[in-house]
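Read off the chains here:
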Amino acid sequence: MRVLVVEDARSLAEVVAEGLRDQGMAVDVALDGLAAAAKLDRNTYDVVVLDRDLPGIHGDTLCQMITERDDRAMVLMLTAAGSPGDRVSGLTLGADDYLAKPFHFPELILRIRSLARRKPTSLARTLHVAGLELDPVRRTTVRDGRPLELSVKEFAVLEALLRASPGFLSAEDLLEQVWDENADPFTNTVTVTVGRLRRKLGSPAVITTTPGVGYRIAEVPIRKR
């Protein structure tokens, strides 16, 4: 899942971004409305966490810009204005959810995940492919009945591959979806992470690699328990 945090208070933006990254999300940060608009033109996001009172382009205007896009992100307004009237006006602008500051971080995470599931292009909550079962909300993964202990990045890579199945994802695709815009495109972090993930998934191998194309989940027979 890729998230854009738009917040002009740098310290809060960095805290929110780091907390979401700890949950396996790819997170970009914009400190004003102009920077956010530029990132929205370059990247595709599942959820935008949007402060309402922004310099450059006001949050209300930015929200309307997002909702007018064909492949729009879901919008969670995160603002100090938390009265019922403020909530109504924010939702009227096209925001999909509204959370007042100060907020409880676990609630923010749950709301972001809920919005991602509501996105029109999202898939079922629990993913089932090739004997694998992955639940993004409970953060659990099972292969043929065997629970798997995955790191945050391993889990995120597997989720991306399962969502793309039976299609391929290139290393660049995985960098964009699992890391963020600051990831070094020349790094071998994708290769290393996929290698660790393959070992944890066990045999028969479920992730295949096609040179020049990318990675995908192989169609393998489900083993008997």
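For the structure itself, consult the block above.
Residue positions within a chain follow its written sequence, with the count starting from 1. Given that the model is predicted, a residue must reach a pLDDT of at least 70 before its local features are reported, and side-chain atom pairs must reach 80 or more before they are shown or counted; all residues, however, enter totals for whole chains, interfaces and linings. The side-chain quantities take in all heavy atoms of the structure and omit both hydrogens and water.

**Quick word on the sheet that holds strand E8 (residues 140–143)**
Spatial strand order, E6-E7-E8-E9: four strands in an open sheet with antiparallel pairing. The open sheet terminates on both sides in strands that have one partner only, identified here as strand E6 (127–129) and strand E9 (146–147). Think of it this way: DSSP has to see at least two bridges between two strands before they count as a pair. Secondary structure elements follow DSSP: runs of H or I no shorter than four residues count as helices, runs of E no shorter than two count as strands, and numbering proceeds from the N terminus. The sheet contact formed by E8 and E9 spans two bridges and is antiparallel. The residue bridging valine 142 from the neighbouring strand is proline 147, located in E9. Note on contacts: a residue pair is in contact if any heavy atoms of the two residues lie within 4.5 Å. Orientation is described by axes fitted as lines to C-alpha atoms, over the contacting stretch for helices, and by angles from 0 to 180 degrees between their N-to-C directions. On the sheet, helix H6 (residues 152–164) packs against E6, strand E7 (132–135) and E8 and is oriented at approximately 115° with respect to E7.

**A closer look at the pattern of salt bridges**
Put simply, a salt bridge is a Lys or Arg side-chain nitrogen that is within 4 Å of an Asp or Glu carboxyl oxygen. Evaluated as defined, the whole model comprises 13 salt bridges. Aspartate 96 is paired through a salt bridge with arginine 72; the nearest N and O atoms lie 2.4 Å apart. Within this pair, whereas aspartate 96 is found in the loop between helix H4 (84–92) and strand E5 (97–100), its partner arginine 72 is found in the loop between helix H3 (59–67) and strand E4 (74–79), the two being separated by 24 residues in sequence. One salt bridge connects glutamate 154 with lysine 200, and the closest N-O pair in it is separated by 2.7 Å. In this pair, glutamate 154 is assigned in helix H6 and lysine 200 in helix H8 (residues 189–201), connecting sequence segments 46 residues apart. By relative accessible area, glutamate 154 is classed as buried at 1%. Remark: exposure states derive from per-residue accessible area (1.4 Å probe, protein chains only) relative to the maximum for the residue type, with buried under 20%, exposed over 50%, and partly exposed in between.

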